[in-house]
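Each chain, letter by letter, is given below.
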Amino acid sequence: MKIWQGLIAGILVGVVIFLIPAVWAAELSPYHARYDVTRGNSHYGEAVRTLSYADGRYELYTETEITWLFLSDRRRYWSEFQFNNQLIDSLRFRYKRSGTGASKEFNGHFSWAEKQLINLANERAMNVDINQYRVDAAASLEQLRYDLQQGKESFRYLVIDEKGQPDELVYQRHGLEELVLPYGTVSAIKVSRVRENSKRETDYWFAPELGFVLDKMQQRENATEVATLLLVEVD
């Protein structure tokens, strides 16, 4: 069950120096992407990521729905944020999990006027410094997407996780790899999550030719594949 839960959390919140051609000017462009979730040759489920922009604010929606034997799991994440001076500042986010086992939910608001993270379920302030932890975990993947376009090689983000608690995410950039996906064949940058004293490994791939949208994610436990996210379509 812990492996199962770690897989879904990774998907939600879910690279050697190289030069990015000038045609790929850094930006945070909207998109809608759909994915298959697999393990080996077995189909686990589906996932979506949608980033939209209106009135000076971005809205991110992610969802995974997976069934495996007698287990089912559906996780959704809503994130609203601003993007100023090349940095994401979260405004509001909501996480909801349903399926086998206990349902979970968190709904938070970043009150920048009061410098507080408010738990909207009880209107109480969380014990966290949002001057440091400025972005929710789901939106941090969009910050990573942007920073890759800037040519950065290593990444460290202080985030608020799906429980409303502070967390740290560290990544390392590798090189370009050719991927054969349900979408087609693309060249993508590989990025690895850096964890200390953990048997869990998570890798991500982002294709410059597709606006650095997430193309693939794979999670392993004890060097064994737990699940893989594969791009099916993007627009």
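In short, a report on the structure. Predicted model only: the values in this text are computed from it and were never measured.

## A word on the overall build of the protein chain
A tally of helices and strands in the protein chain yields two helices and 15 strands. For the protein chain, buried positions account for 50% of its 235 residues. Looking at the protein chain as shown, the accessible area adds up to about 11500 Å², and 46% of this sits on carbon and sulfur atoms.

## Describing unusual backbone geometry
With a phi close to 55 degrees, Leu 69 is a non-glycine residue in the positive phi region. If you trace the backbone, Leu 69 turns up in the loop between β3 (57-68) and β4 (71-84). For Phe 212, which is not glycine, the phi torsion reads 60 degrees and is therefore positive. Its place among the elements puts Phe 212 in the loop between β13 (200-207) and β14 (213-221).

## Brief notes about the pairing of β13
Looking down a regular strand, the side chains alternate between one sheet face and the other. In terms of burial, β13 is largely enclosed, as six of its eight residues are buried. Pairing geometry for strand β12 (residues 184-193) and β13, over four bridges, is antiparallel. For Ile 189, the partnering residue across the bridge sits in β13 and is Phe 206. Looking at chain direction, β13 and β14 are connected through eight bridges and run antiparallel. Its bridge partner lying in β14, Asp 203 is registered against Gln 218.

## So, the packing of aromatic side chains
Within the structure shown, the criterion is met by 13 aromatic pairs. Measuring from ring centre to ring centre gives 5.9 Å for Tyr 44 and Trp 68, while their planes differ by 40 degrees; the resulting arrangement is tilted. Of the two residues, Tyr 44 is situated in strand β2 (residues 42-54) and Trp 68 in strand β3; the sequence distance between them amounts to 24 residues. You can call Tyr 44 buried: its relative accessible area is 4%. Taking relative accessible area as the criterion, Trp 68 reaches 32% and is therefore assigned partly exposed. Considering the side-chain rings of Tyr 58 and Phe 83, the 6.5 Å spacing of their centres and the 90 degrees angle between planes classify their relative orientation as edge-to-face. Of this pair, Tyr 58 sits in strand β3 while Phe 83 sits in strand β4, and the two are 25 residues apart along the sequence. Residue classification places Tyr 58 among the buried positions, given a relative accessible area of 11%. Put simply, the rings of Tyr 77, Phe 93, Tyr 95, Phe 106, Phe 110 and Trp 112 pair up and form one aromatic cluster.

Analysis parameters
Residues numbered from 1 in each chain as written. Predicted model: local features only at pLDDT ≥ 70, side-chain atom pairs only at ≥ 80, totals over all residues. Heavy atoms only, no water. Helix = DSSP H or I, 4+ residues; strand = E, 2+ residues; numbered from the N terminus. Buried < 20%, exposed > 50% of the residue type's maximum accessible area, 1.4 Å probe, protein only. Areas by Shrake-Rupley, 256 points an atom, 1.4 Å probe, with all protein chains shown as cover. Pairing = 2+ DSSP bridges. Phe/Tyr/Trp six-rings, centres within 6.5 Å; stacked < 30°, edge-to-face > 60°.

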